[in-house]
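What follows is the residue order along each chain.
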Amino acid sequence: MSYISEVIEMTERKNPGEAEFMQTVREVLGSLAPAVAANEKVLRDNCILERMVEPDRQIIFRVPWTDDKGVNHVNRGFRVQFNNAIGPYKGGLRFQPNVTLSVMKFLAFEQTFKNSLTGLPMGGGKGGSDFDPAGKSDAEVMRFCYSFMTELYRHIGPDVDVPAGDMGVGAREIGYLFGAYKKIRGAYENGVLTGKGLSFGGSLIRPEATGFGATYFFNEVLEHLGESIKGKTFCLSGFGNVAWGAALKITELGGKVLTLSGPDGYIYDKDGVSGDKIDYMLTMRASGRNVVKDYADKYGCEFVAGKKPWGNVKADVYMPCAMQNEIRIEDAKAMVSAGVKYLNEVSNMPTTNEALAYLQANGVIVAPSKAVNAGGVAVSGLEMSQNSERLAWTEKEVDDKLKHIMKGIHTQITDALSAYGMGYDLVAGANLAGFKKVADAMIAQGLN
Ligand code: GLU
């Protein structure tokens, strides 16, 4: 049996029932065949694949908190510290009822390769809780965050592990988490978290970074293919911070955003989501209602309940910005029939492996999330640099660095593909490039 198949089987055996984690392990390891063929003995002797699929540690803890009525609750907290070969663990915290260990592990595993692609010294980690922030008061969120940090603080630090936001964790939550950390540690170590408010060490452009970076990366793809964003139509899903940043940058570069989505369905705005309508996304998010229909009611456009735009709306580019596994095989088939040419994945692992294989076999250009959405964590890395140097860069300085990083990711991918004599397969290229740096560092550091 091949080295890759052996490790996939072993991982399956050791992690029963972890569907999301196994999905990403299969996807990533499945594309490393050329790297293994070129260097099998060294990789095997150093147990590189075996070590890559086993997190350094997986921390699970109890998070008790009291709601506004005085009723007590207990949630489960997680931090998976996957790999720190190239830098301190780095990755977001997700607060969402469907958070499980498998979800945390898939995200932390992906994060290791994504962070490697940024070219910045950051390892991979992820954490969160099955806490549902929807409908909670500020005071409840604060009590939850304080309780969460009462355990998390002992596992993190500016040179150890640096959490940030993810779904359900934004500026408000990061503020409370930082307050709790500062209180417990009795020290002002603001490099311990990223995505902070601007008044206490946050970076300009961090809120926009994931959406801007995703658009910059896609622009590189189009340039490579001799095309441009100008005049192209886009279907986005989600209406949070990531979709907001993407809509801003796409419209600025002359593209048109036709759809947004929420748990309730999707809106189709044939005139394009632009100007004030993009600002309104922030209002909808801040309302805590978590419904996108409000947009259709306000601007009088079409709302389709209970569906995603995939296959239902024709556009040049699909850009999922919501959830894992939101594009399944039936969506992939509908996309191909609708003549969609590009899938620019923004949310982490939005496409099932089956759907991904179908899209690629049918000529859709797929830009993988670990490259596309790396701008978010890259600007987190820039926030860490600013914190450790005790300075703050201007908006332009951060944005220029972000553009440069996204361009660099595209170059690394095309370099990896040409090194292995492969065509323009961005999915494989991103895995091969992300893998190489981490594997080199692990080999250099010996068995640990
Ligand atoms: N949660 C984001 C991601 O998936 C950002 C992580 C960070 O900034 O550390 O990459």
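Look up a bit, the structure's there.
Source: prediction; values computed, not measured.

This part covers the packing of aromatic side chains. Taken as a whole and judged by the stated rule, the model has 20 aromatic pairs. Pairing F95 with F148 gives two aromatic rings, centres 5.4 Å apart and planes at 70°, and the pair type is edge-to-face. You can see F95 sitting in strand β3 (residues 89-95) and its partner F148 sitting in helix α6 (residues 138-152), a full 53 residues away along the chain. Residues F95 and F148 agree in their burial class; the two are buried. Their ring planes at 45° and their centres at 5.1 Å tell us that W310 and Y318 sit as a pair that is tilted. Ring-pair connections join several aromatic residues into one group, and the members of that group are F61, W65, F95, F131, F144 and F148. Lying across the ring of F212, K249 places its NZ or CZ 4.4 Å from the centre. Sitting over the face of the ring of Y299, K277 holds its NZ or CZ atom 5.9 Å from the ring centroid.

Take the nonpolar core next. L29, F217, L236, L260, M281 and F435 are the most contacted members of the largest nonpolar core, which has 99 residues in total. Ignoring anything within four residues of it in the chain, the contact list for L260 reads L236, G238, F239, G265, Y266, I267, V273, M281, V292 and Y295. Formed by 23 residues, the second largest nonpolar core is a distinct cluster that contains M149, L152, I174 and F178.

Moving on, we come to the side chain of D331. The residue D331 is located in helix α12 (residues 329-337) in this model. Look past the residues within four positions of D331 in its chain and what remains in contact with it is W310 and E326.

With that settled, consider helix α16 (residues 395-419). Note: α-helices contain 3.6 residues per turn, so residues at a spacing of three or four share the same orientation. With 25 residues, α16 should cover 36 Å at 1.5 Å per step; its first-to-last C-alpha distance of 36 Å lies within 8% of that length. Within α16, the full set of buried residues consists of V398, D399, L402, I405, M406, I409, H410, I413, T414, A416 and L417. Packing partners of the buried residues in α16 comprise α5 (101-118), α8 (206-224), α9 (241-252), α14 (369-372), α15 (374-389) and α17 (426-444). Directly after α16, the chain includes G421, whose backbone phi takes a positive value near 60°.

Rules used throughout
Residues numbered from 1 in each chain as written. Predicted model: local features only at pLDDT ≥ 70, side-chain atom pairs only at ≥ 80, totals over all residues. Heavy atoms only, no water. Phe/Tyr/Trp six-rings, centres within 6.5 Å; stacked < 30°, edge-to-face > 60°. Helix = DSSP H or I, 4+ residues; strand = E, 2+ residues; numbered from the N terminus. Buried < 20%, exposed > 50% of the residue type's maximum accessible area, 1.4 Å probe, protein only. Lys NZ or Arg CZ within 6 Å of the ring centre and 35° of its normal. Core = buried A, V, L, I, M, F, W, Y, C linked by side-chain atoms within 4.5 Å. Contact = heavy atoms within 4.5 Å. Expected span 1.5 Å × (residues − 1).

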